[in-house]
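So the chains spell out like this:
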Amino acid sequence: MAETEAPRFFGSRVSRVQDDRLLRGHGRYVADIELPRALAAKFVRSYEAHASVGDIDRDEAAEADGVSAVFVGSDFVESEIRCVSSYEGFQISAQPILAVDRVRFAGEAIAMVVADDEYLAEDAAEMVFADLSPLPVVLDLDAALEPSAEVLHDGWADNAYVRRAVKTPGFEAAVSGASHRVTIDLNNARHGAIPMENRACIADYDRGTQRFTLYTTTQIPHLIRAGLALAMDVPENRIRVIAPDVGGGFGVKAQLYTEEVACCLAARELGRPIKWVEDRREHFVAAHHSREHRHRVTGYFDDDGRIIALEADIRVDMGAYSVFPWTATMDNGMAMGILPGPYKIHEYSVTGTPVCTNKTPYGAYRGVARPAACFSIERLVDQIARHRGLDRAEVRRRNLLGPDDYPWHSPSGLVYDSGSLPESLESVLSLGGYEALLTQQVEARAQGRLFGIGIVAFTEQTAHTTQEFKQRGVPIVFGYETAKVRLDASGTAVVSASIHDHGQGLETTLAQIAADRLGLDLEQVRVEYGDTNQVAYGAGTFASRSAVLAGGAVTRAADDVVAILKQVAAHDLEAAIDDIVLETGRLSVKGSPNASVAISEICRLVYQRPERLPKGVESSLEASRTYDAEPGTGAYTNAAHLSTVEVDPMTGKTEVLSYAIVEDCGPMINPMIVEGQIFGGVAQGIGTALFEEFLYDENGQPLSSTFSDYLIPTMTDVPDFAVAHLETPSPFTIGGIKGMGEGGAIAPGAVIASAVEDALSHLGEPVVNELPLTPERVLAYIDEATAPGGPR
Amino acid sequence: MREITVTINGKPTSATVSPRLLLSDFLRQDIGLTGTHVGCEHGYCGSCTVHVDGASTRSCLTLAVQVAGRAVDTVESLAPDGEALHPIQQAFQDCHGLQCGFCTPGLLMSVAELAGTNPECGRAEIREHLAGNICRCTGYHQIVDAVERALVALREAQVDG
């Protein structure tokens with residue numbers, strides 16, 4: 001950084017550098033890219049959830065107008081997607097590129113039609129006839145584990161991908177000493193990320209060099225390359241993956257998909273580029289699902305409502321196949337680790353089972369298991385408050401980790417670095433006007449209205465790296481990110497980073513960091529990402545890691561480049577290196593204001609006047625560095641949310657009236673972007689809380705495959721937000737930065753459930769334990785509360 | 001195949017199209033205006049919104065042949081290349097009213113219509129008017145900020161002009 005000044009960009013509400021092109025309609029998304037002689041692909045998908053595959057009649061389709069080829073499973077049988085966990089007893093699934101002898105979910109691709117354009121490919125896809133003989137379906141994650149359930153993969157003992165159990169040594173003793181216990185069962189509906197851009201890819205194969213180029217809608221270009229290399233048995237140096245502008249990801253674009261492999265294989269076979277653009281109905285049935293958790297949690301506590309021990313069973317419906325690169329254990333592992341959340345809980349026992357069913361495979365979605373974990377622990381804490389007759393804020397005050405508890409070694413083995421939980425709780429009570437709301441509630445009830453307040457505090461595990469992913473048993477440990485910083489002869493910088501920006505604004509925030517460290521203006525820094533041929537190896541953007549890890553890598557690389565600048569400047573100015581100071585645009589000699597040289601001049605010397613360089617200095621102004629934030633179990637952002645709702649007693653409709661957030665993600669690189677991330681996450685969480693659910697009929701037919709029957713929040717479903725920030729730096733990370741991309745989406749289910757329960761609490765005491773809170777479910781809770789002979 | 005003549009972003013354009021070609025595909029693939037995005041193809045998400053004779057229209061539910069003889073304006077019409085951003089676009093940048101940018105062109109066209117039909121509306125009316133444009137990234141708050149700011153800027157520009 002310009003060493004004598006405060007940072008010019010870090011901490012500022014800088015306008016985003018990518019906005020101009022996106023606002024003008026000049027973004028370049030995969031579907032916008034046209035390659036010469038490209039053919040269009042359309043997938044024929046199974047209408048059965050579970051069936052054996054007989055003959056597939058493709059003759060008529062192959063003869064149809066404009067059709068180049070129709071591929072079926074036997075054409076691609078050499079390739080498959082396997083993602084194997086290192087957990088003992090993990091049962092391995094192999095997902096075919098196109099179904100071979102069996103389909104395991106409705107929507108699984110069974111054939112691929114390639115034609116001159118999308119219209120002709122869709123016409124021909126209608127002419128492919130597959131002989132599918134239905135098999136018994138497994139649709140419920142508890143039923144899937146019954147001994148009588150059909151086992152979905154050959155050679156498996158049952159439908160559990162794996163079974164895991166973890167218990168602290170003092171758990172049993174703590175339980176026997178506890179005076180009270182409460183057990184609740186919780187259900188989170190299956191739903192998904194649903195970015196506005198569907199998936200798309202274009203595969204090109206160069207027969208001469210035997211190289212693939214895949215343009216694809218992904219958050220993780222290097223991992224996609226790694227996955228393609230494994231799936232097709234091709235070395236990585238023959239594969240280039242390019243993720244250009246991507247229209248939202250939120251996790252669903254962080255897995256390798258069979259369609260990507262199929263397009264590569266078809267491009268090699270036909271010698272022409274193959275373009276596939278998913279339509280929305282396909283996205284609902286074939287892009288990975290998420291969030292379907294079923295938990296049973298028991299809290300053991302004392303008379304004061306202090307939690308002594310926590311016990312949990314966690315089951316997640318992972319669908320038909322283990323996904324690359326996460327395996328089928330991701331959500332389970334995350335939930336088992338983070339369930340104790342923000343509370344000072346020492347003793348913990350948890351069992352976890354990721355379950356295989358006849359549903360779409362299950363991948364990442366913003367928050368990965370943390371929304372379900374937050375829902376469970378926060379609903380439990382509310383029940384403890386109810387049991388002990390305590391205010392919900394008070395029971396949290398008694399249990400939250402305090403400022404002196406860090407570093408906190410959680411009973412699940414995580415190390416929480418720092419936080420401000422009690423302060424964030426008090427701040428959100430004040431920001432949301434809690435005391436006034438309690439009065440407002442009394443008035444509302446007097447008028448017969450159902451008005452409720454929800455409060456939640458939580459931690460967001462972010463930027464977890466080597467240690468965490470090693471424990472998760474994933475085949476690739478996502479330990480670090482990489483950045484290369486290069487100054488060119490004109491004195492401008494290129495930052496190449498292994499992360500991807502699909503809305504998070506990293507193209508801007510990494511430029512802010514680099515500009516500060518290099519003493520440049522923001523316009524003099526260009527950030528590039530997304531092309532495996534252009535940027536160094538790394539994992540990509542997920543798990544709220546990019547600002548911390550890529551930000552740290554940019555800092556390190558920029559500082560290395562500055563060290564070279566200083567060496568050359570010292571030679572040029574005939575001063576000692578230690579006396580050279582970096583200022584905005586210049587390098588100066590300490591104490592001699594007139595002895596200085598422009599950064600751009602030093603850049604010119606390095607590349608164009610090698611005779612003026614000091615001995616031993618090469619004509620290069622670049623550095624590539626990685627950063628893995630040790631100890632690797634993450635930097636812990638914390639937040640508290642407060643929301644009010646009104647429930648219509650006649651229709652069961654829940655309206656979110658207000659929503660307040662106090663977030664502490666450490667020092668903010670760009671508060672405007674931080675707020676955008678929080679608001680966007682909360683809106684998605686409101687979808688989780690009230691609307692979003694993939695429904696199936698008894699045969700496994702998806703009932704939610706359009707925006708008419710799968711509702712996501714629109715502008716009138718989401719209120720204005722109130723937000724305030726705390727900034728507790730992480731002692732573990734460069735710059736004290738913590739991640740925050742997922743936090744907004746973690747709490748709303750828990751907050752709104754708490755508010756709805758509160759709205760009904762004067763009628764009776766139903767435990768709101770299921771999401772989303774559709775009108776039907778809310779009416780059922782109202783009935784339960786008011787039933788004669790009911791709880792009150 | 002049919003011959004059509006359409007005025008696209010002010011420029012008369014003739015083309016030969018299949019009767020079943022969607023307006024969205026016509027604009028994106030035949031004309032090369034890829035700013036119009038397709039998010040659902042069933043008229044729900046609003047990403048593909050363009051103006052036909054000045055009225056906001058779902059281009060994914062419109063056939064190219066239906067706009068023969070009419071004027072179609074896309075997001076690319078708001079700020080011609082080389083010129084400053086349109087006040088609506090500028091407000092979106094200033095207020096961080098976009099993240100991934102995919103829904104943004106459709107939203108901008110809906111806001112442009114709102115600015116013409118109800119230029120003095122407040123936050124609640126803005127939300128009502130734009131409820132047909134889904135954004136999955138922003139949570140909408142900063143979009144509403146941006147629209148408020150844009151409407152003020154456009155009113156001030158009118159007074160000044």
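Residues numbered from 1 in each chain as written. Chains lettered and ligands numbered in written order. Predicted model: local features only at pLDDT ≥ 70, side-chain atom pairs only at ≥ 80, totals over all residues. Heavy atoms only, no water.

Draft legend 1. Geometry of the overall build of chain B. The helix and strand inventory of chain B stands at five helices and five strands. N-terminal to C-terminal, the α/β element order of chain B is β-β-α-β-β-β-α-α-α-α. The C-alpha atoms of chain B give 16 Å as radius of gyration, which agrees with the globular expectation for 161 residues (15 Å, within 12%). For chain B, the spread of C-alpha atoms along the principal axes amounts to about 45 × 35 × 25 Å. Residue pairs at least 24 apart in sequence account for 55% of intrachain contacts in chain B once pairs closer than 6 positions are excluded. A total of about 6,200 Å² of accessible surface is found on chain B, and carbon and sulfur atoms cover 48% of it. Computed over 11 positive and 18 negative side-chain charges, the inter-centroid distance for chain B is 7 Å. (Helix = DSSP H or I, 4+ residues; strand = E, 2+ residues; numbered from the N terminus. Rg over C-alpha atoms; globule rule 2.2 N^0.38 Å. Contact = heavy atoms within 4.5 Å. Areas by Shrake-Rupley, 256 points an atom, 1.4 Å probe, with all protein chains shown as cover. Lys, Arg positive; Asp, Glu negative; His and termini not counted. Charge placed at Lys NZ, Arg CZ, Asp CG, Glu CD.)

Draft legend 2. Here's a closer look at the sheet that holds strand 1 (residues 39-45) of chain A. Residue and element names in this part refer to chain A. Taken in spatial order, the seven strands of this open sheet run 3-7-1-14-11-12-13, and their pairing is mixed. With one partner strand each, in any of the chains shown, strand 3 (67-72) and strand 13 (239-242) form the two edges of the open sheet. Geometrically, the sheet is characterised by an average inter-axis angle of 20 degrees between neighbouring strands, direction not taken into account. Taken together, the six bridges between strand 11 (residues 200-206) and strand 12 (residues 211-216) define a ladder with antiparallel strand orientation. Directly across from C201, in strand 12, lies its bridge partner T216. Set on the sheet, helix 5 (residues 221-232) makes contact with strand 12 and strand 13; between it and strand 13 the angle comes to about 145 degrees. In the packing of helix 6 (residues 258-270) onto the sheet, the strands contacted are strand 1, strand 3, strand 7 (109-115), strand 11, strand 12 and strand 14 (274-277), and the crossing angle to strand 11 comes to about 30 degrees. (Pairing = 2+ DSSP bridges. Axes fitted to C-alpha atoms, helices over the stretch in contact; angles between N-to-C directions.)

Draft legend 3. Focus on the pairing of strand 13 of chain A. Residue and element names in this part refer to chain A. Sheet analysis places strand 12 next to strand 13, joined by four bridges and oriented parallel. Bridge pairing in strand 13 places T213 opposite R240. With helix 5 bridging strand 12 and its parallel neighbour strand 13, the resulting β-α-β unit is right-handed. (Right-handed = clockwise from strand over helix to strand, strands pointing away.)

Draft legend 4. Summary view of the interface of chain B and chain A. Contacts between the two partners involve 55 residues from chain B, matched on the other side by 56 residues from chain A. Taken together, the two surfaces of chain B and chain A that pack against each other cover about 4,500 Å², and 55% of this comes from carbon and sulfur. Linking R127 of chain B and D720 of chain A is a salt bridge whose minimum nitrogen-to-oxygen distance equals 2.7 Å. For the side of chain B that touches chain A, the secondary-structure elements that each account for two or more residues are helix 1 (23-30), helix 2 (87-94), helix 3 (104-117), helix 4 (123-129) and helix 5 (141-160) of chain B. (Buried area = accessible area lost by both parts, 1.4 Å probe. Salt bridge = Lys/Arg side-chain N within 4 Å of Asp/Glu carboxyl O.)

Draft legend 5. Spotlight on the packing of aromatic side chains. Evaluation of the coordinates by the stated rule reveals 21 aromatic pairs over all chains. Seen from their ring centres, Y29 of chain A and F102 of chain B are 5.3 Å apart, and the 90 degrees between their planes marks the pair as edge-to-face. One end of the pair, Y29 of chain A, is in the loop between helix 1 (19-23) and strand 1; the other, F102 of chain B, is in the loop between helix 2 and helix 3, on a second chain. Among the aromatic residues, those joined into a ring-pair cluster are F284, F694, F707 and Y710 of chain A together with Y44 of chain B. The ring of Y87 of chain A carries R164 of chain A above its face, with NZ or CZ at 4.0 Å from the centroid. Positioned over the ring face of Y365 of chain A is R291 of chain A, at 3.9 Å from the centre of the ring. (Phe/Tyr/Trp six-rings, centres within 6.5 Å; stacked < 30°, edge-to-face > 60°. Lys NZ or Arg CZ within 6 Å of the ring centre and 35° of its normal.)

Draft legend 6. Representation of unusual backbone geometry. Residues and elements named next belong to chain A. Residue P325 is reached from F324 by a cis peptide bond, and omega for that bond is 5 degrees. Assignment of secondary structure puts P325 in the loop between strand 16 (307-317) and helix 8 (330-338). In this chain, E630 is followed by P631 through a cis amide linkage whose omega measures 5 degrees. Of note, the phi angle at D233 is positive, near 55 degrees, even though the residue is not glycine. In this fold, D233 is placed in the loop between helix 5 and strand 13. Even without a glycine there, the phi angle at S544 is positive, about 50 degrees. Looking at the secondary structure, you find S544 in the loop between strand 23 (525-528) and helix 15 (546-573).

Draft legend 7. Structural context of the sheet that holds strand 5 (residues 71-73) of chain B. Residue and element names in this part refer to chain B. Overall, mixed pairing links the five strands, which are arranged 2-1-5-3-4 in an open sheet. Strands with a single pairing partner mark the edges of an open sheet, and in this sheet they are strand 2 (11-17) and strand 4 (55-58). Across the sheet, the mean angle separating the axes of adjacent strands is 40 degrees when strand polarity is ignored. Bridging between strand 3 (residues 49-52) and strand 4 involves four bridges; their strand directions are antiparallel. Each residue of the ladder has a partner; that of H51, found in strand 4, is S56. The strands that helix 1 touches are strand 1 (2-8), strand 2, strand 3 and strand 5; relative to strand 1, the one it contacts most, it runs at about 80 degrees. Running over the sheet, helix 3 touches strand 3, strand 4 and strand 5 and is turned about 40 degrees from strand 3.

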